[in-house]
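Coordinates in review
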Amino acid sequence: MSFIENLTRGASLKDEVLAGLTTALALVPEVVAFALLAHVSPLVGISSACIICLITSLFGGRPGMISGAAGSVAVVIVSLVEQHGVEYLSAAVALMGVIQIAIGLLRFGKFIRLVPQSVVFGFVNGLALIIFMAQLEQFKVVDTTGATHWLSGSSLYLMLGLVALTMAIIVLLPRVTKAVPPSLVAILIVSGLVIFGNLPTKSVGDIASIAGGLPQPHLPQIPFTWQTLSIIFPYSLIMALVGLTESLLTLTVVDEITETRGRGNKDCVAQGLANITSGFFGGMGGCAMIGQTMVNIESRGRQRLSGVVAAVALLLFVVVGSSLIERLPLAALVGVMFMVVIATFEWASLRIIGKMPLTDVVVMVLVTLITAISQNLALAVLIGVVISALAFAWENAVRIRARKFVDEQGIKHYEIFGPLFFGSVAAFNEKFDLAHDPQEVIIDFRESRVADLSAIEALNKLTERYHKSGKKLHLRHLSPDSRRLLANAQALIDVNYWEDPTYKVSVDAME
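Worth saying up front: this structure is predicted, and the values here are computed from it rather than measured.

Section: the state of the cysteines
- Tallying each qualifying case throughout the model produces 0 disulfides.
- Cys 50 supplies the cysteine sulfur nearest to Cys 53, a cysteine that is in no disulfide, at a spacing of 7.6 Å.
- Owing to a relative accessible area of 0%, Cys 53 belongs among the buried residues under this scheme.
- Between Cys 268, a cysteine without a disulfide, and Cys 287, which holds the nearest cysteine sulfur, the sulfur-to-sulfur distance is 12 Å.

In structure tokens:
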């Protein structure tokens, strides 16, 4: 199999190339804006996006996903650059990559499967709002005094008209032909109108110049001491977690759209390798960018070649095509990104609000707001997962039940239903009537399992209470994992359970 065939994997070569070009055009204003946000040169942002996009496209775990110098990571590094300079940033980005590779090699990427759907909905909706709000900045202009104002009058109307025209082309063109990506056609048509019609509207060059050369290897000029490590490590850790959170959740979204499955741990390693390389080229940190990924997917980019083309095109824009790219109207790119917002936002989540459990609705709204307001994706997802986990624990805690009866031998049986864990311990203890129970009691765990240390301690205390009352307590039908847990805790507890060789537990096959 040839190199190109390996990159396309049966997809259309034309579709992959055109999707990559469209994505590269959509990357330029975003990456430049994120670089300025992080207080670094726009060329640093573009070269970082080139490197990260190329490496993750070649080696990542999700073909078709686009990575670059993302805003979620840029937000983290602002204070580091302001206090210590860009040399410390380069070192922090390289260390970020090392942490991500370690996470991938330890196979921690699989824990993304524990993120509930309500959190995914909130994350995606929050990112859609971030993308939308970022485009609003293009409707502002800086006057001669340095003050920022909203566009007004004819300038505003022209901008809105061009944005609307771009969106209309993207919506209507597929009804005529699907031979080319509608986003690319829209950018070219609107750019032609602006450039040849000499229309006075904002262009890419109004943000910053992107002219430059090839990125050069650069070893961070910092003292390699423990003090330096203590400065950069907190930033590196946060960037690594934020980057992998956005990347793995974006991977999940693309999996759903394409009905295929990416490899999370492989992508963690690729993201880490990309960030190490970016750091040693004096670049910013990065991760998957859901907006540009959606542009690529909507343009029918499904394989690795589209990402490779996007990275190479970005590089060519800087080296040989900067004068042309700087003339592209921002209105065309804003229109494309507005369509990305519409495609990214999970509109289905609004239709099912009245049908979902209240906890899921609260989690979804909360994650959306935290993501949109703070742009701290890791925090938003963590809070959503914690709330969902606590809600799940509470629901299972109140569902533990016990069926009680006394057999013909005078032995009282407690048949437990539901898991015994930290959340259900209190309800479990309330099931027993120590004062009126006979001399021998059996707790049957056929429909339950002992899950954690809190459960073990509860059984230990219950055994002690029956022992002090001169009564015998037996545990029966413990599952193999529950017996193993009790055996491991023999130094801490003293319980009596009956082995039952005829009892077997059906265990689902796990990956």
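Focus on the confidence of the model for the protein
- For the protein, the average pLDDT comes to 83, and 93% of its residues sit at 70 or higher.
- Least confident of the elements in the protein is strand S9 (residues 497-498), whose mean pLDDT is 55; most confident is helix H10 (residues 264-279), at 92.
- For the stretch residues 500-511, pLDDT sits under 50, and the model shows 10 contacts to residues farther than four places along the chain or on other chains.

Some details on the side chain of Ser 183
- Checked against the element boundaries, Ser 183 lands in helix H8 (residues 182-197).
- On the basis of relative accessibility, which here comes to 9%, the residue Ser 183 falls in the buried class.
- Once residues within four sequence positions are removed from consideration, Ser 183 is found in contact with Thr 22, Ile 170, Ser 299 and Val 336.

Brief notes about a nonpolar patch on the surface
- Among the surface-exposed residues, Leu 54, Leu 214, Val 312, Leu 316, Val 319 and Val 320 lie close enough to one another that they form a single nonpolar patch of about 510 Å² accessible area.
- If you tally residues by element for the nonpolar patch, the top one is helix H12 (residues 304-319), at 3 residues.
- Positionally, Leu 54 belongs in helix H3 (residues 42-59).
- A relative accessible area of 31% means that Leu 54 is categorised as partly exposed.

The rules we used
Sequence positions are assigned chain by chain, starting from 1 and proceeding in written order. Given that this is a predicted model, residues contribute local features only at a pLDDT of at least 70 and side-chain atom pairs are listed and counted only at 80 or more, while totals for whole chains, interfaces and linings are drawn from all residues. Excluding hydrogens and water, the side-chain values take into account all heavy atoms of the structure. The disulfide criterion is simple: two cysteine sulfur atoms within 2.5 Å. Per-residue accessibility, obtained with a 1.4 Å probe over protein chains only, is compared with the maximum for each type, and a residue is labelled buried under 20%, exposed over 50%, and partly exposed between these values. A residue's pLDDT is the predictor's confidence in that residue, given on a scale from 0 to 100. A run of DSSP states H or I qualifies as a helix once it reaches four residues; a run of E qualifies as a strand once it reaches two. Both are numbered from the N-terminal end. Here, residues are in contact when the closest pair of their heavy atoms is within 4.5 Å. Patch members must show over 30% relative accessible area and no salt bridge, and they are joined within 9 Å when carrying like charges or within 5 Å when they are nonpolar side chains of Val, Leu, Ile, Met, Phe, Trp or Tyr. Accessibility throughout is a Shrake-Rupley quantity obtained with a 1.4 Å probe, and a residue counts as covered only by protein chains that appear here. A pairing counts as a salt bridge when a side-chain nitrogen of Lys or Arg comes within 4 Å of a carboxyl oxygen of Asp or Glu.

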